[in-house]
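Structural description and commentary
The lines below spell out each chain.
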Amino acid sequence: SKLLSDTKSGIQKVIPAPNGSLALLFADGELQLVSTQTSMRHIAFGVRGAIWSPDGQTLLIQTSSEELNTYAPEGTLPVDATPGELHLIVRLSHPITHLEWLPDSEHILYQSGGTIIASETDTRDHAITTTVQESAPANPFTIIERDGKSFLSIMKNGSLQSIARTWLVTKEDR
């Protein structure tokens, strides 16, 4: 059955959340949230990409090549942002690539300028951003454990390639 008709500039990507929410990224860079079968809510223009948190409560949105924001739909209870508004998480001087949520839905991993970086999404007191790995892999990393304590990446050393596991510091490790 038909859920929506595309009357805009063309749906580029459908972004489903684990909890059933649905966001649409249009070819012109507009991001909208499907609120009902007949209604959509504008989130942002100029969006390059978006992914839902593992709990389906928050969208991580890349609004420029160097900027990441979160968006919590109205009706959710985010601890760090006003529902229905974009919330700046990080702005860097180098392009940000390969975005991933950690399974706790409170931290993100991404690459920028040859480095893998972790950031907390709760920036109420101040932004917490940590360099995880200085020499980022040419290929995207993959989070492999449900608890989010490590990730895998393909590392290159000359013509030799190897798979590396990088462990992340967890609350239990502090």
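Values in this document were obtained by computation on a predicted structure and should not be read as measured data.

1. A closer look at the overall build of the protein chain
- Counting its regular elements, the protein chain contains zero helices and 15 strands.
- Within the protein chain, the fraction of its 174 residues that count as buried is 42%.
- Here the analysis covers contacts within the protein chain between residues at least 6 apart in sequence; of these, 32% occur between residues at least 24 apart.
- In the structure as shown, the protein chain presents an accessible area of about 9,800 Å², 49% of it carried by carbon and sulfur atoms.

2. Some remarks on the sheet that holds strand 11 (residues 115-120)
- If you walk across this open sheet you meet the four strands as 9-10-11-12, and the pairing is antiparallel. Strands at the two margins of the open sheet, each flanked by one partner only, are strand 9 (96-101) and strand 12 (129-133). Each adjacent strand pair in this sheet contributes to an overall mean axis angle of 25°, direction not counted.
- Where strand 9 and strand 10 (residues 107-112) come together, four bridges link them in antiparallel fashion. By the bridge assignment, Ile-96 is partnered in strand 10 with Ser-112.

3. Regarding the sheet that holds strand 8 (residues 86-91)
- In space, the four strands of this open sheet follow the order 5-6-7-8, with antiparallel pairing throughout. Looking at the sheet topology across the chains shown, the edges are occupied by strand 5 (49-52) and strand 8. Averaged over all pairs of adjacent strands, the angle between their axes in this sheet comes to 25°, without regard to strand direction.

4. Looking at the environment of Pro-103
- Mapped onto the secondary structure, Pro-103 falls in the loop between strand 9 and strand 10.
- With a relative accessible area of 31%, Pro-103 lands in the partly exposed category.
- Expressed as a C-alpha distance, the spacing of Pro-103 and Pro-54, which sit 49 residues apart in the sequence, is 5.9 Å.

5. Here's the deal with the confidence of the model for the protein chain
- Mean pLDDT over the protein chain stands at 80; residues scoring 70 or higher make up 76%.
- Averaged pLDDT values over the elements of the protein chain bottom out at 62 in strand 13 (residues 142-143) and peak at 95 in strand 5.

6. A few points about the environment of Pro-73
- Note that Pro-73 resides in the loop between strand 7 (67-71) and strand 8.
- Counting along the chain gives 14 residues from Pro-73 to Leu-59, while the straight-line C-alpha distance between them is 8.4 Å.

7. Some words on the side chain of Asn-69
- Tracing the sequence through the fold places Asn-69 in strand 7.
- Within the local environment of Asn-69, its side chain forms a polar contact with the backbone nitrogen of Leu-88, the two atoms lying 3.3 Å apart.
- Every residue in contact with Asn-69, bar those within four places of it in the chain, is listed here: Leu-59, Leu-60, Ile-61, Thr-63, Leu-86, His-87, Leu-88 and Ile-89.

8. Digging into the nonpolar core
- Counting 14 residues, the largest nonpolar core has Ile-15, Leu-31, Ile-43, Trp-52, Leu-59 and Ile-61 as the members making the most contacts within it.
- Listing elements by their share of this core, those giving two or more residues are strand 2 (22-26), strand 3 (31-36), strand 4 (39-44), strand 5 and strand 6 (59-64).
- Beyond its immediate chain neighbours, meaning those up to four positions away, Ile-61 contacts Leu-31, Ile-43, Val-47, Gly-49, Ala-50, Glu-67, Leu-68, Asn-69, Tyr-71 and Leu-86.
- In terms of nonpolar packing, the next biggest core, distinct from the first, is built from ten residues, Leu-60, Leu-68, Ile-96 and Tyr-110 among them.

9. Some points on the pattern of salt bridges
- Under the defined criterion, the tally for this structure stands at one salt bridge.
- Measuring nitrogen to oxygen at the nearest pair gives 2.7 Å for the salt bridge that ties Arg-91 to Glu-67. Highlighted residues: Arg-91 in strand 8 and Glu-67 in strand 7, separated in sequence by 24 residues.
- Relative accessible area serves as the criterion here: at 17%, Glu-67 is assigned to the buried category.

About the criteria used
- Residue positions within a chain follow its written sequence, with the count starting from 1.
- Since the coordinates come from a predicted model, pLDDT governs what is reported: local features require at least 70, and pairs of side-chain atoms require 80 or more to be given and counted, while whole-chain, interface and lining totals use all residues.
- As a convention, hydrogens and water are excluded, and side-chain values are obtained from all of the structure's heavy atoms.
- In DSSP terms, a helix is any run of H or I states spanning at least four residues, a strand is any run of E spanning at least two, and both are numbered starting from the N terminus.
- Relative accessibility under 20% of the residue-type maximum defines a buried residue, over 50% an exposed one, and the middle range a partly exposed one, all with a 1.4 Å probe and only protein chains included.
- In what follows, a contact means two residues having at least one pair of non-hydrogen atoms within 4.5 Å.
- Computed by Shrake-Rupley with a 1.4 Å probe, the accessible areas treat only the displayed protein chains as cover when residues are assessed.
- If DSSP finds at least two bridges between two strands, the strands pair.
- A fitted line through C-alpha atoms represents every axis, and for helices the fit uses only the stretch in contact; the resulting angles, taken between N-to-C directions, go from 0 to 180 degrees.
- As a per-residue measure, pLDDT reflects the predictor's confidence and takes values from 0 up to 100.
- Whenever two N or O atoms come within 3.5 Å, that pair is a polar contact, provided that in protein one can donate a hydrogen and the other can accept it, and provided that, for residues adjacent in sequence, both atoms are side-chain atoms.
- What makes a nonpolar core is a set of buried Ala, Val, Leu, Ile, Met, Phe, Trp, Tyr and Cys residues whose side-chain atoms join them at distances within 4.5 Å.
- Each salt bridge in this description consists of a side-chain nitrogen of Lys or Arg and a carboxyl oxygen of Asp or Glu lying within 4 Å of one another.

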